[in-house]
Amino acid sequence: MRTPRRGRERFTPGLLLLLLGLAGAAAWLTRHPEWGGLERAAEWPLVGPLAARFRAAYLPPPPAPAARPEEPPRWVVSWEEAAPSSRSQPARPRPAPAEEVPAAPEPLPAPLGESWARPGSGLRERPEATAEIRERLRDWALLAVLERRGEWVAVGRGGRRLWLEA
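All values reported here derive from a predicted model rather than from experimental measurement.

**Student:** I keep staring at the nonpolar core and nothing clicks. Help me out?
**Tutor:** Taken as a class, soluble globular proteins show a tendency for nonpolar side chains to be buried jointly. Counting 10 residues, the largest nonpolar core consists of Ala-117, Leu-123, Leu-137, Ala-141, Leu-143, Val-145, Val-153, Val-155, Leu-162 and Leu-164. For this core, the elements supplying multiple residues, two or more each, are β4 (141–149), β5 (152–157) and β6 (160–165). It is β4 that provides the largest number of residues to this core, a total of 3 residues.

Right under this line is the structure:
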């Protein structure tokens, strides 16, 4: 009868502990991908690409930049100076003549939820691949989902209803 070697008796439990430790570390890192040690590991020659891919997969996308108003509000105020009358009454400003104000767009419905859209995604006027792209996203964007229609999702962006291919 052969007796197992001593080294093999120590090697097998040690290998199992090492694998268990690696699995535990991977599980912990999925919950804490912002840990600074993982960022440093991304700079190492052999482990770096793996650490960088791991961080990219588990870090949430960057927050969307604050929305800037597309156009400042238009206010028209005009005053006419009146010649002083015999009675000392201050001149009152006259309201500007009524201008033709474009009809306000119809308000968007309440969103069903929110969804992140990738940089480079094209937002279209209609849910068709041939429709003209009205806006192309430069960065990650958190958009309000208004409606789903097959492979298309209606999103609210800048007060407009645009369509994004899912």
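Picking up where we left off.
**Student:** Honestly, the pattern of salt bridges in this entry has me stumped. Any pointers?
**Tutor:** Any two side chains of opposite charge can pair, on the condition that their charged atoms come close. Under the defined criterion, the tally for this structure stands at 7 salt bridges. The residue Glu-132 makes a salt bridge to Arg-134 at a minimum N-O spacing of 4.0 Å. In this structure, Arg-161 engages Glu-147 in a salt bridge whose closest nitrogen and oxygen atoms are separated by 2.4 Å. Here Arg-161, found in strand β6, pairs with Glu-147, found in strand β4; they are 14 residues apart in sequence, far enough to count as distant. According to the relative accessible area criterion, Arg-161 is partly exposed, its value standing at 28%. Among the charged side chains, a network of salt bridges with common partners joins Glu-125, Glu-132 and Arg-134.

**Student:** It is not clear to me how a nonpolar patch on the surface should be interpreted in this structure. Could you clarify?
**Tutor:** Together, Phe-11, Leu-15, Leu-16, Leu-18, Leu-19 and Leu-22 line one region of the surface with nonpolar side chains, adding up to about 610 Å² of accessible area. With respect to the element layout, Leu-18 can be found in helix α1 (residues 6–31).

**Student:** Help me out: how do you make sense of the pairing of β6 in this one?
**Tutor:** Side-chain direction in a regular strand flips from residue to residue, so the side chains alternate between the two faces of the sheet. With 6 bridges connecting them, β5 and β6 associate as antiparallel partners. Paired with Trp-152 across the strands is Glu-165, a residue of β6. Taking the residues between adjacent antiparallel strands as the criterion, β5 and β6 are bridged by 2 residues, where Gly-158 takes a positive phi near 60°.

**Student:** Even after reading the chapter, I still don't get the side chain of Arg-124, so can you show me in this structure?
**Tutor:** The residue Arg-124 is located in strand β2 (residues 122–124) in this model. Of the side chains with opposite charge, Glu-165 comes closest to the buried, unpaired Arg-124, at an N-O distance of 5.4 Å. Within the local environment of Arg-124, its side chain forms a polar contact with the backbone oxygen of Ala-131, the two atoms lying 2.6 Å apart. With near-sequence residues (within four places) excluded, Arg-124 lies in contact with Ala-129, Ala-131, Glu-132, Ile-133, Arg-134, Trp-152, Leu-162 and Trp-163.

**Student:** I tried to follow helix α3 (residues 48–58) on my own but got confused; where do I start?
**Tutor:** Since the α-helix advances by 3.6 residues per turn, residues separated by three or four positions end up pointing in the same direction. Here α3 has its buried residues at Gly-48, Ala-51 and Arg-55. In an axial view of α3, the angular spread of the buried residues amounts to 65°, which keeps them on one side of the axis. Structural note: α3 exposes Leu-50, Arg-53, Ala-56 and Ala-57 on the side pointing more than 90 degrees away from its buried face.

Basis of the calculations
- Residues numbered from 1 in each chain as written.
- Predicted model: local features only at pLDDT ≥ 70, side-chain atom pairs only at ≥ 80, totals over all residues.
- Heavy atoms only, no water.
- Core = buried A, V, L, I, M, F, W, Y, C linked by side-chain atoms within 4.5 Å.
- Buried < 20%, exposed > 50% of the residue type's maximum accessible area, 1.4 Å probe, protein only.
- Helix = DSSP H or I, 4+ residues; strand = E, 2+ residues; numbered from the N terminus.
- Salt bridge = Lys/Arg side-chain N within 4 Å of Asp/Glu carboxyl O.
- Patch = residues over 30% accessible without salt bridge, like charges linked within 9 Å, V, L, I, M, F, W, Y side chains within 5 Å.
- Areas by Shrake-Rupley, 256 points an atom, 1.4 Å probe, with all protein chains shown as cover.
- Pairing = 2+ DSSP bridges.
- Lys, Arg positive; Asp, Glu negative; His and termini not counted.
- Polar contact = N/O pair within 3.5 Å; in protein donor to acceptor, adjacent residues only side chain to side chain.
- Contact = heavy atoms within 4.5 Å.
- Arc of directions from axis to C-beta.

By themselves, these observations are geometric and do not establish any function.
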